[in-house]
Amino acid sequence: MNMSYEEYGKLVKKCSPNSPIFKTVPLSFLVGGTICAIGEAFRLWFVSLNMSKEHSGIWVSVILIFATALLTGLGVFHKIAKIGGAGTFVPITGFANSVVSPALEFQTEGFILGVSSKMFIIAGPVIVYGTIASIGSGIVFYIIELFGGNI
Amino acid sequence: MDIVISLIKAFCVGGLICVVGQFLLDYTKLTPARILVGFVVAGVFLGAIGIYKPIVDFAGSGATVPLTGFGYLLSEGVKEAIKEEGIVGILKGGLTAGSAGISAAVLLGILVALIFKPKKK
Amino acid sequence: MNKARGVIFFEDPPSIVGFAAVAGDMEASGPLKGKFDKVFEGDMDGEKSFEKAESKMQLCAAKKAIEKANLKFEDIDIAFAGDLLNQCIGTNYGLRELEIPFAGVYGACSTMAESISLASVFVASGFIDRAIAVTSSHFCASERQFRFPLEYGGQRPLTAQWTATAAGSVVLSGKVEGNIKVKAVCIGKIVDYQIKDMNNMGAAMAPAAVNTLVKFFKHTGTYPQDYDMILTGDLGQVGSTILSELMDREGYPLKGKHSDCGLLLFERERQDVHSGGSGCGCSAAVLCADVLDRLNCGKLKTVLFIATGALMSPTANQQGESIPGVAHLVFLEGSE
């Protein structure tokens, strides 16, 4: 075969269908928007019950995580995710699914080496880099405060 | 009426944040895991420089439910902890703020693994 | 004549005396419906893990083929078999109870052609009388090993292929005259055109298929039109398009002679398998459920079965390595 890698790469690109973005982008907007609106409905309800801002936010997360876990267990979540794409994995539902799905899958390897150790194979980096970034911003905040700044 | 407007704002802002993720997914070779990391770190950064708070005030859950909101939560947590406890807050603040979400996910992960069986797509 | 390295024509071609294919329920509801020797229900068929279910399928395929050849397990001198899982556990546990001398084979999705090639050479050598070639793959077992957990909500790109839950096996004999002969085999080399996208395996494998096919055509002085069917294993839609484009450029246009196991096993749109089927069970099952049958009853006379494998390792992929491809060819001929 007389062909450079670049040439072959171009041929592959020509022969490979692209994701239909005229479909995926509106769907991700609809699904993601709906999930956020559901969260907002709960939040407004909690606030109307005189719950604090902080606590209402936490309960919204917990409810969405619970719903995701249930739908993941029932085998429904990935069907919604197939339609929603980023609309389901960018909200907290995606985080919850990425924790619950390996936990479910690795049952066969036991609860220590399977379920619990595989639980963070996808979500682990999110927590690691979220924490590192928060520490980084914390250092900056602290220095600003040291020099009398207002954070 | 206020409720409807709040819901529409949450829907639109949340949807738009997801659309950014969808573009990254379809147009780049980034995997979902990398995109999620990017969103959380972006949330921490935007929270720290004060850009994300107005979005949260405007859209409520539309800004806090996406993972950028998780990042924002971490940076707010650090900020509060430093104000209250000084230098130790740098280490304490982030995970303390995110603890409820992480604990809920862990608990439900174990429960789901106890109850359900995995199925084919 | 280095061009012919790997091409082996047999003076006494071994015969295929028995073959069997088994599949999961999704595969069995595709275009090959009703052609499988056994259909496995659900993802596990009552087993405790996907891996165990795959072993069960592979064992079943081996038993059925031996049974259809009117032989006993003791009559088989050696088994060449493999699958996609780490350490080939589908095979090791599947064939354990048969107590047939066993040589494990790994060639990713090319394993069936590789196993048949090795078995044919062993039988043709005269050192042994009969050999069996078996391979299997399981969607759930390979998905969790190579990609994501099953319930993880991700979108599969349109170039991705669907690992078939299926197994196939072939019994070869040097003694008995069968209707189907293995006239020649051609072992391919590792070909790597620097494809790194594990969701586009067809593109990683197509150059290997071209390399092996062109080597075989050059050596034999034949063209695609001299055969009834050129059956590639698991290039899928994307890989098949690339293959026909490349073969045109090489001067061996496939024009209407080409079929792909990944496209024969599933109805792409209805069954939502994107680019098509894959996995070493896919080519094995299509060969054993359909193509060998057609050779046996004379509907097909000459078939080039060329199974392609993407030698993908998640570890190497994460380290930035590309995905090498390999393709092995088996020249099958039915009786007059």
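Predicted model only: the values in this text are computed from it and were never measured.

Novice: Residue-level account of the packing of helix 3 (residues 53-73) of chain A against helix 6 (residues 92-105) of chain A, with values.
Specialist: All names here are of chain A. Interhelical geometry of helix 3 versus helix 6 gives an angle of 40° and a closest axis separation of 9 Å. The orientation of helix 3 relative to helix 6 falls into the category oblique. Note that helix 3 runs across helix 6; the crossing there is right-handed. Contacts between helix 3 and helix 6 involve Ser 61, Leu 64, Ile 65, Thr 68, Ala 69, Thr 72 and Gly 73 on the former and, on the latter, Ile 92, Thr 93, Ala 96, Asn 97, Val 100, Ser 101 and Leu 104. Partitioned by chemical class, the residues of the contact of helix 3 with helix 6 number seven nonpolar, seven polar and no charged.

Novice: Would you mind going over a nonpolar patch on the surface in detail, with residue names and values included?
Specialist: A contiguous nonpolar surface patch, about 390 Å² in accessible area, is contributed by Phe 66, Leu 70, Leu 74, Val 76 and Ile 80 of chain A. Within the element layout of this structure, Ile 80 of chain A appears in helix 4 (residues 77-84).

Novice: Give me the lowdown on the packing of aromatic side chains, citing residues and values where you can.
Specialist: Residue and element names in this part refer to chain C. By the definition in use, this model includes 20 aromatic pairs over all chains. With 5.0 Å between their ring centres and 70° between their planes, Phe 80 and Phe 122 make a pair best called edge-to-face. Taken together, the residues span a long stretch of sequence, with Phe 80 in strand 4 (residues 78-82) and Phe 122 in helix 4 (residues 111-125) at a distance of 42 residues. A residue is classified by how much of its surface remains accessible, and Phe 80, at 4% relative accessible area, is buried.

Novice: So what about the domain arrangement of chain C? Which residues, and what values?
Specialist: All names here are of chain C. Partitioning chain C into domains gives domain 1 (2-173) and domain 2 (180-334). For domain 1 versus domain 2, the separation of C-alpha centres amounts to 17 Å. Contacts between domain 1 and domain 2 engage 61 residues on the former and 66 residues on the latter. Around 4900 Å² of area is buried between domain 1 and domain 2 when both sides are counted, 66% of it from carbon and sulfur atoms. Together, Phe 19, Cys 109 and Gln 161 form the three largest contributors to the area buried by domain 1 at its contact with domain 2, with a combined 15%. The tally of links between domain 1 and domain 2 comes to one salt bridge. Between Asp 290 and Lys 35 there is a salt bridge whose closest N-O contact spans 2.9 Å.

Novice: Report on the interface of chain A and chain B, specifying residues and quantitative values.
Specialist: Accessible area lost when the parts come together is the quantity often used to give the size of an interface. Counting residues at the interface gives 67 residues for chain A and 66 residues for chain B. For the pair chain A and chain B, the summed buried area comes to about 5500 Å², and 81% of that belongs to carbon and sulfur atoms. Sorting the residues of chain A by area buried against chain B places Phe 29, Phe 89 and Val 90 of chain A first, and these three jointly supply 12% of that buried surface. Counting every contact that joins chain A to chain B gives one salt bridge. Here Asp 57 of chain B and Lys 53 of chain A are joined by a salt bridge, their closest N and O atoms 3.9 Å apart.

Novice: Please set out the pattern of salt bridges residue by residue, giving values where relevant.
Specialist: Counted according to the given criterion, the structure contains 23 salt bridges over all chains. Of the charged contacts in the structure, one is a salt bridge between Arg 144 of chain C and Glu 51 of chain C, with a shortest N-O distance of 2.8 Å. Of this pair, Arg 144 of chain C sits in helix 5 (residues 139-146) while Glu 51 of chain C sits in helix 2 (residues 50-68); the two residues are 93 residues apart in sequence, bridging distant segments of the chain. The exposure class of Arg 144 of chain C is buried, given its relative accessible area of 9%. Shared partners join several salt bridges into a network, and the residues in it are Glu 105 and Glu 109 of chain A together with Glu 51 and Arg 144 of chain C.

Novice: Residue-level account of the pairing of strand 14 (residues 325-334) of chain C, with values.
Specialist: Residue and element names in this part refer to chain C. A large share of strand 14 lies buried, amounting to nine of its ten residues. One ladder, built from six bridges, connects strand 9 (residues 180-186) with strand 14; its direction is antiparallel. Each residue of the ladder has a partner; that of Ala 184, found in strand 14, is Phe 331. Pairing of strand 13 (residues 302-310) with strand 14, which is carried by nine bridges, proceeds in the antiparallel orientation. Within strand 14, the position partnered with Phe 305 by the bridge is Val 330.

Quick notes on the rules
- Residues numbered from 1 in each chain as written.
- Chains lettered and ligands numbered in written order.
- Predicted model: local features only at pLDDT ≥ 70, side-chain atom pairs only at ≥ 80, totals over all residues.
- Heavy atoms only, no water.
- Axes fitted to C-alpha atoms, helices over the stretch in contact; angles between N-to-C directions.
- Helix = DSSP H or I, 4+ residues; strand = E, 2+ residues; numbered from the N terminus.
- Parallel < 35°, antiparallel > 145°, perpendicular 65-115°, else oblique.
- Left-handed = near helix turned anticlockwise from the far one by under 90°.
- Contact = heavy atoms within 4.5 Å.
- Nonpolar A, V, L, I, M, F, W, Y, C, P; charged D, E, K, R; others polar.
- Patch = residues over 30% accessible without salt bridge, like charges linked within 9 Å, V, L, I, M, F, W, Y side chains within 5 Å.
- Areas by Shrake-Rupley, 256 points an atom, 1.4 Å probe, with all protein chains shown as cover.
- Salt bridge = Lys/Arg side-chain N within 4 Å of Asp/Glu carboxyl O.
- Phe/Tyr/Trp six-rings, centres within 6.5 Å; stacked < 30°, edge-to-face > 60°.
- Buried < 20%, exposed > 50% of the residue type's maximum accessible area, 1.4 Å probe, protein only.
- Domains from an automatic or database assignment.
- Buried area = accessible area lost by both parts, 1.4 Å probe.
- Pairing = 2+ DSSP bridges.

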